[in-house]
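This is what each chain is made of:
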Amino acid sequence: MLVDIEHIIATIIILIIIVVGGLFAYRTFIRRVLEEKDMQHQQELAHQKKVAEQYTIVQESERKRIAEVLHDDVGNKLNILSLWINNEETWNNERSKTIIAQQIPELIEYTRSISHSLYPVNLEKFGLMFAIEALIANVNESLPIQLILKHSYQEKPISFELHIYRIIQEYLSNVIKHAHASIMLITIRDTTSAFSCIISDNGVGFDKTKLKTGMGLKNIDSRVQSINARSKWKTKKDEGTRLILVYPK
């Protein structure tokens, strides 16, 4: 009888140890889960802050570019035009009248260009593909650009399409300024599983370390992050550049 009681007590003690150990392990597990969730939350906040900061940099860069256009092109032309108009001899000189007549359409075109830089109205009215084609048409004489559309494109939220448009616009600007390319390709594929955009040129390429310092490249990467897409740069000196952007659905 005594042996049975001792056996029962020992069993109870073992069960208590098991239960206490289980509770301790469970509490440890829950604490780790909470710590991981908190860490993930902090990382997400840090990522959102980084994206917001980079987006601010993009906005300030665009504002600076527009301010420079207004000051250097429109402002200077208006000043010159004002001098011509306020000169009494202008109205008695046919050549002066011709110059003024030439300046006014140029100022109108500059104004339209600035307006388009601030917001591409064609994008909202006619969609992304039309806006890209209009962008291509504006520069095709100086740089041949091919738009290749694989699969039928499905309309996306305007905020998404605006980022894609700006990425293409920024890439194009970099090509015109630095690449010395003779052709540029834009390939868009829109399937049920993912949207992808591949932009490439046959220019001089660049050093990949410039990804960290080039403002244009930073702007592109910031916009890629803003739409939660993935991107990869492929470039070699004198062998062109390629940007691969993928947005999984």
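> Break down a nonpolar patch on the surface for me, citing the residues and quoting the values.
On the surface, Ile8, Ile12, Ile16 and Val20 cluster together to form a nonpolar patch covering roughly 360 Å² of accessible area. The residue Ile12 is located in helix H1 (residues 2-85) in this model. Relative accessible area serves as the criterion here: at 44%, Ile12 is assigned to the partly exposed category.

> Describe in detail the environment of Thr111, supporting the description with residues and values.
With respect to the helices and strands, Thr111 occurs in helix H2 (residues 94-118). Look at Thr111 and you get partly exposed, because its relative accessible area is 47%. Each C-alpha atom of the pair Thr111 and Val74 lies 7.7 Å from the other, and the pair is 37 residues apart in sequence.

> Outline the packing of aromatic side chains, listing residues and values.
All told, the structure shown has 5 aromatic pairs when counted by the stated rule. For the ring pair Tyr171 and Trp233, a centre distance of 6.1 Å and an interplane angle of 5° mean the geometry is stacked. Taken as a pair, Tyr171 in helix H5 (residues 158-179) and Trp233 in strand E4 (residues 230-235) lie far apart in primary sequence, 62 residues in all. The structure contains a cluster of three or more aromatic residues connected by ring pairs, namely Tyr153, Phe160, Phe195 and Tyr247.

Procedures and definitions
- Residues numbered from 1 in each chain as written.
- Predicted model: local features only at pLDDT ≥ 70, side-chain atom pairs only at ≥ 80, totals over all residues.
- Heavy atoms only, no water.
- Patch = residues over 30% accessible without salt bridge, like charges linked within 9 Å, V, L, I, M, F, W, Y side chains within 5 Å.
- Areas by Shrake-Rupley, 256 points an atom, 1.4 Å probe, with all protein chains shown as cover.
- Salt bridge = Lys/Arg side-chain N within 4 Å of Asp/Glu carboxyl O.
- Helix = DSSP H or I, 4+ residues; strand = E, 2+ residues; numbered from the N terminus.
- Buried < 20%, exposed > 50% of the residue type's maximum accessible area, 1.4 Å probe, protein only.
- Phe/Tyr/Trp six-rings, centres within 6.5 Å; stacked < 30°, edge-to-face > 60°.

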